[in-house]
Each structure stands twice: as structure tokens, then as C-alpha cells.
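Observations on the three-dimensional arrangement
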Amino acid sequence: MTPIDFPRAQEGPEPQLLLTSLLGDFWYWRDEHIPSTALVRLLDEFGITVDGARAAMRRLAARGLLTVVRNGRTTAYGIPARTSEVIIERTHRMLTFGATAPAWDGQWTVVAFSVPEQDRDVRTALRARLRLLRFAALYDGVWVSPHDTGADARAVLDELGIATATVLRSTEVPGGSAAGSPRAAFDLEPLAKEYRGFAEHYEPLLAEVEAGRIGPADALRLRTRLRVDWRRFPETDPDLPAELLPPDWPRPQAQRVFVQIYDRLGPLAELRFREILARTDPELAALARHHDSATVAELYAGLGDRRPRGDTPFERAAEARRLAEAVPPRRSRRRSPRQGRAPAQV
């Protein structure tokens, strides 16, 4: 088999993120728990040490993101109740994001605020929360979005106790300068560079997949890292309407590459997942299943009133991570070794 030069994950996926990605791909809607020995072997496929793997399991369990059962000297981990619905929703979002641009009525949601310098922590929190809502700063105290998210922005302002703020929906009066247009708030070039880099890294592997030159072990590693690399785009892309995008916007190409590789590697990756579990428990291994974009769409459509409401440990942990990532690092002073520890990823 031809050696494959795997694209490196953009942020060096840590053990907790790898483990939640693996279980999210092959083990959701399963009540059974997987022995820790098997999970250690799964993470070993990605170069994670035994100590690193076991520490990841303990930390995920302590955060309520995995459940634990013990039978004698055997410890096993599983997915908590209601987490499968969250995984389906997030996977559906991940697989469909970027396929089309949202419709636009030509209106902007505008948040104008004034927060005193002595309340700069509140101001920092507000800016972070607005970023999560896909707003961008046109001026220091004026943030804009083409999405109809005024009610969400108002809820954030009320939660933070900011009274000196205005939320409105409006249209831009023609004739102004480009620098003063709400469009100027969104600098898309860095994001476009990331999309192009993603496609350039992964597109050559489509030929390897189609030629059958990728085996089960490579498929599991590649599909998981592909998922990890793509997952940040739905969280950081402002998802602008087509009218606001440049003509050579690279997201559609990157999205097609992602979905094609993800779908085609599913069966082989599942085979490797089963092979590893079978070393510990052959009956358990037979329960593993992969899902592709078509089956995820069916599962998502069938959720009905069981769709997530934001109150599970998994959702709270993901929101906390996104909020921490939305706060720009301070540049005023050097951090000590104990400061600035990155939040665990989920």
C-alpha cells in the first residue's frame, strides 16, 4: 500500500477531542459501555499514550461527558443519556454547513452599545457573545450582522445587564464609502485562506480513496482528523449571504471535499473501529456503526421534539469552549506558565 502523508490537524487535536469525535462517529445511540482498554487502543491509533488516553477518559467523565461503569477491575465508558441527539444535530450541522448560503432580505441587525471603561470585563464578555452570534465590529461600539438575530442579541444584553445599548434592523443607504459599509466589518480573506488550505490538503486524497489505496487503519485516522479539522468552520464562519461573498469564495469546494471523503471512508473506518474493539469484546465490536451524510439527514429529520435544548453537559461544555475561544488573548502582559490554559475541546 502506498504510504499516505496525512494532512495535519490545524490545532493538534488533543485526546479528549479525538475520543469524543470517535464515539460521535461510531457509537451514538448505544447504551453499552466500551472498556477503557479498547478506548486506549483506539487512541493509540493517533499516537496518544496510555497515560494520555486514560487521563482523557477521566476528565471527560468528570465533566459529565462520559458515563462510567465498573465491573471488578474493568472500567468502561459510555455516552450519557440525551447526548446522542446532540451528536446527531451537531453532525448534521457539520455535514451540511457551507453547502448553500443563507437567504437575505437586505437588512442588517445592528447592536450599538456604550460600556464604561471600568466595566471592561462586561464589554469583553459582550464582544465574545456577539462573535458567537456571528456579529462583527463595524466600529468599536457598533456591531453588525446580516442575520436576523436581534432577539438573541437583546437577550445577551439583558443577561449582562447592559442598559446603554440599542438593537435594530435596518438597511444601508446607498452612496456611502466602502470603508463605512457594514460589509467592511467582515474580513473574509483569512477565512478564505483556511478554506483553500483545507481543500488543497485533502482534495488529493480523493484519488487515493477512489483508487482503493486507503486501508481501514488509515481510513479511521484520516476520517477522524478530517472531522476535527472541519468542525471549526461552522463555528467561526459568519455564514454570510451570497450577496456579500466574493465571486471566488472557496467554501463550496472545501465543503464538497469534506463530505465526499467523510462519506466514502465511512465503511473502512468502521471496519478498523470494529477490529480494535474486537480485541477486547467481539460482541461489542459488532454493534459499531458509521453514518454518512444521507443517514445523518434521516436521523436528524426523525428527532422531532427530542432536539437538543442546550441543557446537556455536552452542550454546556461546547458553549463554554466556544466562548473562551471568542475572547481575544490579552497582549498587555506576558502570561505566566500557570495562566492561559486552553479549555478542553469537545
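Just so you know, these numbers come straight off a predicted model, no measurement behind them.

The next point concerns the overall build of the protein. Along the backbone of the protein there are 14 helices and seven strands. Within the protein, the proportion of its 346 residues that are buried is 47%. Taking the 50 positively charged and 47 negatively charged side chains of the protein as two groups, their mean positions are separated by 6 Å.

This part takes up the nonpolar core. With 77 residues, the main nonpolar core has W27, I34, F258, I261 and F273 as its most contacted residues. At eleven residues, helix α11 (residues 251-278) tops the list of elements feeding residues into this core. Discounting chain neighbours no more than four positions away, the residues touching F273 are L22, F26, W27, I34, L42, L220 and A288. If you look at the next biggest cluster of nonpolar residues, it comprises twelve residues, including V115, L126, F135 and V156.

A word on the packing of aromatic side chains. Using the criterion set out here, one finds twelve aromatic pairs in the structure. Note on Y195 and F233: the rings are 4.3 Å apart at their centroids and 20 degrees apart in plane angle, and the pair reads as stacked. Taken together, the residues span a long stretch of sequence, with Y195 in helix α7 (residues 189-202) and F233 in helix α10 (residues 233-236) at a distance of 38 residues. Ring geometry for F198 and Y202: centres 4.9 Å apart, planes at 45 degrees, overall tilted. Residue F198 and its partner Y202 are located together in helix α7, separated by four residues, close to a single helical turn. On the basis of relative accessible area, Y202 is assigned to the buried category, the value being 1%.

Further remarks concern the pattern of salt bridges. What the rule picks out here adds up to 23 salt bridges. A salt bridge links R169 to D105; the nearest nitrogen and oxygen atoms lie 3.2 Å apart. You can see R169 sitting in strand β7 (residues 165-170) and its partner D105 sitting in the loop between α4 (83-96) and β4 (108-113), a full 64 residues away along the chain. A cluster of three or more residues bridged by salt bridges with shared partners is formed by E45, D218, R221, R272 and E275.

In terms of burial, β4 is a largely internal element, five of the six residues being buried. In this sheet, β7 lies alongside β4 in antiparallel orientation, the contact comprising six bridges. Each bridged residue has a counterpart across the sheet, and for T109 the counterpart in β7 is R169. Relative to strand β6 (residues 142-145), β4 runs antiparallel, the two being bridged by four bridges.

Looking now at the sheet that holds strand β5 (residues 136-139). Sheet strands pair by backbone hydrogen bonding; their relative direction is either parallel or antiparallel. Judged by pairing direction, the sheet is antiparallel, and its four strands sit side by side in the order β5-β6-β4-β7 without closing on themselves. With partners counted over all chains shown, the strands left at the sheet margins are β5 and β7, one partner each. Averaged over all pairs of adjacent strands, the angle between their axes in this sheet comes to 30 degrees, without regard to strand direction. Along the sheet, helix α5 (residues 120-132) contacts β4 and β6; its crossing angle with β4, the most-contacted strand, is approximately 175 degrees. Across the sheet, helix α6 (residues 150-160) touches β4 and β7, and the angle it forms with β7 is around 180 degrees.

With that out of the way, let us pick up the confidence of the model for the protein. Here the protein shows a mean pLDDT of 89. Residues at 70 or above account for 91%. Every residue in residues 1-12 is under pLDDT 50, and counting partners more than four places away or in other chains gives 24 contacts. Low confidence marks residues 331-343, where pLDDT is under 50. Its contacts with residues over four positions away, or in another chain, come to nine contacts.

This next bit is on the environment of E270. Within the secondary structure, E270 is located in helix α11. Along the chain, E270 and V167 lie 103 residues apart, while their C-alpha atoms are 48 Å from each other. For E270, the residues in contact, after removing those within four places along its chain, are F26, A288, R289 and H290.

The strand order across the open sheet built from three strands is β1-β3-β2, with neighbouring strands paired in antiparallel fashion. Two strands lie at the open edges of the sheet, namely β1 (34-35) and β2 (67-71), each paired on one side alone.

α11 packs onto α7 with a crossing angle of 40 degrees between their chain directions and a minimal axis gap of 8 Å. As far as their axial angle goes, α11 and α7 are oblique. With respect to the hand of their crossing, α7 and α11 are arranged in left-handed fashion. Side by side, α7 and α11 meet where Y195, F198, A199 and Y202 of the first sit next to R251, Q253, A254, V257, F258 and I261 of the second. Among the residues forming the contact of α7 with α11, the class breakdown is eight nonpolar, one polar and one charged.

For helix α2 (residues 36-44), the complete set of buried residues consists of S36, A38, L39, V40, L42 and L43. Next to the buried residues of α2 lie α1 (15-26), β1, α3 (50-62), β3 (74-78), α9 (216-230) and α11.

Basis of the calculations
Residues numbered from 1 in each chain as written. Predicted model: local features only at pLDDT ≥ 70, side-chain atom pairs only at ≥ 80, totals over all residues. Heavy atoms only, no water. Helix = DSSP H or I, 4+ residues; strand = E, 2+ residues; numbered from the N terminus. Buried < 20%, exposed > 50% of the residue type's maximum accessible area, 1.4 Å probe, protein only. Lys, Arg positive; Asp, Glu negative; His and termini not counted. Charge placed at Lys NZ, Arg CZ, Asp CG, Glu CD. Core = buried A, V, L, I, M, F, W, Y, C linked by side-chain atoms within 4.5 Å. Contact = heavy atoms within 4.5 Å. Phe/Tyr/Trp six-rings, centres within 6.5 Å; stacked < 30°, edge-to-face > 60°. Salt bridge = Lys/Arg side-chain N within 4 Å of Asp/Glu carboxyl O. Pairing = 2+ DSSP bridges. Axes fitted to C-alpha atoms, helices over the stretch in contact; angles between N-to-C directions. pLDDT = per-residue confidence, 0-100. Parallel < 35°, antiparallel > 145°, perpendicular 65-115°, else oblique. Left-handed = near helix turned anticlockwise from the far one by under 90°. Nonpolar A, V, L, I, M, F, W, Y, C, P; charged D, E, K, R; others polar.

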